[in-house]
Amino acid sequence: MASIYGQFAKHFSTAEEMEAYKKKIQATLPAPETELNLQLFSSEDAEAKKAVAPSITPADTAEPKPFTAMLNGTATNQLTNISTRSNPPIVDAITGNATIEQGTLKVFIDSYNELTGGLRTSTHKLLDACTIALTQQNNYRGKDDKLNPLVTIPLERFMELCGIPLTKPSKDKTRRKVKEDLETLYHISMEWTETSGRKTKDFAKMRVCDKIALVRGNIIFSFSMDMARYLTNAYLMQYPMELLKVDERNPNSYHIGKKLLLHNSIDNNRRKGTANILSVKSLLEVCPDIPTYEQVIATDRALDRRIKVPFETALNSLSSFISWEYCNSKGVPLTEEQLQATDYGTFIKLYIKFDVLGAPDQTARLEARAEEAKARADKKKRTSSKKTADKT
């Protein structure tokens, strides 16, 4: 096919098919009650204004807010930790389909050998950007009939958010990489389990998205309805836009940054006072490009050079939105002996105490949640007392 739609012919056969799909989605949406400030767009993105769903209003300024809300769930959070370059998947010799397991997540990648990208930092960044757009154009835990899974991001806006210069060579390179990452995400489906209290819920195999394209300078990404429904009913975190700018040549930076931010966003951690403390061991577990202790010992035994140095380099690269220092459990400062120690045994037992710089204050929201929980508990207690009184 000679047109720019040729690369995505198996997803949108023609431009008319893509437009028809967008109109079908938009036709199911109610008129917006309030304007949404979608930070992925600037006021100068004329093409984006035409392509985006009518319930979304591009931001009035070109500069994004330092932090924005982003939906996240157990499945997508575990997907973040996967790199097919560092940990190649198991590929079926007959079907060519790949399988990867991460925690309670099982990832399936159809026709893996036909993909040129694989799961990499740029893939995760693209999914983050699409998830942010999904977050801002839908109501958190809203009604299914108002759910809009189709997001549109101008390519140049995405480049700006990622700190990529808008030169022709950079545009060409980014366009190629985005196409590869879209293809990877299109081929992915996942199944997983989640534990809540004493209950474990099984999630059946579901696709991440069902429509993709890069047309007229816009990234088109439609989450599958199951995935959109899952995410809009999962959790919210405060996402620093600076995370999209971390250098992809050091993939550990993105993985560690995302882990710290997710840990900091969990309300239970905030209530327990552990939201800004995480063990070195748990952070190393999300760094696929840092070898394990066993792998290093089996080769050159350079534990400091191959584990500690890249670990600290990745943490230091996040200085625009995260400050950090070593500590012991519960934030207890290091002893003089620990400060002087250079052995791996001491290092692996340490914790990281960190602050997310410029993060929105969550105090009022947490206090409101605590009051709501207390009101529910009091109501339950009164109901129980009334039932007991009625029986007597």
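Residues numbered from 1 in each chain as written. Predicted model: local features only at pLDDT ≥ 70, side-chain atom pairs only at ≥ 80, totals over all residues. Heavy atoms only, no water.

Peer 1: So what about the overall build of the chain? Which residues, and what values?
Peer 2: Check the secondary structure of the chain and you find 15 helices and 15 strands. Counting over 392 residues, the chain shows a buried share of 47%. A separation threshold of at least 6 residues defines the contact pool for the chain, and within that pool the share at least 24 residues apart is 68%. Working note: accessible area of the chain is about 20,600 Å², and carbon and sulfur atoms make up 51% of it. (Helix = DSSP H or I, 4+ residues; strand = E, 2+ residues; numbered from the N terminus. Buried < 20%, exposed > 50% of the residue type's maximum accessible area, 1.4 Å probe, protein only. Contact = heavy atoms within 4.5 Å. Areas by Shrake-Rupley, 256 points an atom, 1.4 Å probe, with all protein chains shown as cover.)

Peer 1: Which residues make up the sheet that holds strand 15 (residues 351-356), and what are the values?
Peer 2: Strand pairing in a sheet relies on backbone hydrogen bonds. The paired strands run either parallel or antiparallel. An order of 13-15-14 is seen for the 3 strands of this open sheet, with the pairing classed as antiparallel. Of all strands in the sheet, those bounded by a partner on one side alone are strand 13 (277-279) and strand 14 (322-327). Taken pair by pair, the neighbouring strands of this sheet meet at an average axis angle of 30 degrees, ignoring direction. Bridging between strand 14 and strand 15 involves 6 bridges; their strand directions are antiparallel. Paired with tyrosine 326 across the bridge in strand 15 is isoleucine 352. Along the sheet face, helix 8 (residues 251-265) touches strand 13, strand 14 and strand 15 and points at about 75 degrees away from the line of strand 15. (Pairing = 2+ DSSP bridges. Axes fitted to C-alpha atoms, helices over the stretch in contact; angles between N-to-C directions.)

Peer 1: How would you sum up the sheet that holds strand 11 (residues 218-223)? Please name residues and give values.
Peer 2: Across the sheet, 3 strands lie side by side as 7-11-10; this open sheet has antiparallel pairing. Edge positions in the open sheet fall to strand 7 (150-154) and strand 10 (209-215), since each of these has one partner strand only. The sheet shows a mean angle of 10 degrees between the axes of neighbouring strands, direction not considered. Direction of pairing for strand 7 relative to strand 11: antiparallel, over a ladder of 5 bridges. Looking at the pairing, threonine 152 lines up with isoleucine 220 of strand 11. Where helix 6 (residues 168-186) meets the sheet, it contacts strand 10 and strand 11, and its direction lies at approximately 170 degrees from that of strand 10.

Peer 1: Please provide a residue-by-residue account of a nonpolar patch on the surface, values included.
Peer 2: The grouping of Tyr140, Tyr235 and Leu236 at the surface amounts to a nonpolar patch, some 280 Å² of accessible area in total. By secondary structure assignment, the location of tyrosine 140 is in the loop between helix 4 (121-136) and strand 7. Judged by its relative accessible area of 35%, tyrosine 140 falls in the partly exposed class. (Patch = residues over 30% accessible without salt bridge, like charges linked within 9 Å, V, L, I, M, F, W, Y side chains within 5 Å. Salt bridge = Lys/Arg side-chain N within 4 Å of Asp/Glu carboxyl O.)

Peer 1: Give a detailed account of the nonpolar core, specifying residues and quantitative values.
Peer 2: One finds Met190, Phe221 and Phe311 to be the most contacted residues of the largest nonpolar core, which totals 84 residues. Sort the elements by how many residues they give to this core and helix 4 lands first, with 7 residues. What phenylalanine 221 contacts, discounting residues up to four positions off in sequence, is Leu127, Cys130, Pro149, Leu150, Val151, Leu182, Leu185, Val208, Cys209, Lys211 and Ile212. (Core = buried A, V, L, I, M, F, W, Y, C linked by side-chain atoms within 4.5 Å.)

Peer 1: Tell me about the packing of aromatic side chains, and please be specific about residues and values.
Peer 2: The full count for this structure, using the stated rule, is 9 aromatic pairs. Taking 5.7 Å as the distance between ring centres and 80 degrees as the angle between the ring planes, the aromatic pair formed by phenylalanine 311 and phenylalanine 347 counts as edge-to-face. Of this pair, phenylalanine 311 sits in helix 12 (residues 303-316) while phenylalanine 347 sits in helix 14 (residues 344-348); the two residues are 36 residues apart in sequence, bridging distant segments of the chain. The interplanar angle of 90 degrees and the centroid separation of 5.1 Å between the aromatic rings of tryptophan 324 and tyrosine 326 together place this pair among those described as edge-to-face. The partly exposed category is assigned to tryptophan 324, whose relative accessible area is 21%. (Phe/Tyr/Trp six-rings, centres within 6.5 Å; stacked < 30°, edge-to-face > 60°.)

Peer 1: Now, about the confidence of the model for the chain: what can you tell me, with residues and values included?
Peer 2: The predicted model of the chain averages 85 in pLDDT, with 81% of residues at 70 or higher. This stretch, residues 1-13, has a pLDDT under 50; its non-local contacts, to residues over four places away or in other chains, come to 30 contacts. (pLDDT = per-residue confidence, 0-100.)

Peer 1: Explain helix 8 residue by residue, including any values.
Peer 2: Taking 1.5 Å of rise per residue, 15 residues should cover 21 Å, and helix 8 covers 22 Å from first to last C-alpha, within 8% of that figure. Counting buried positions along helix 8 yields 14 of 15 residues, so the element is predominantly enclosed. (Expected span 1.5 Å × (residues − 1).)

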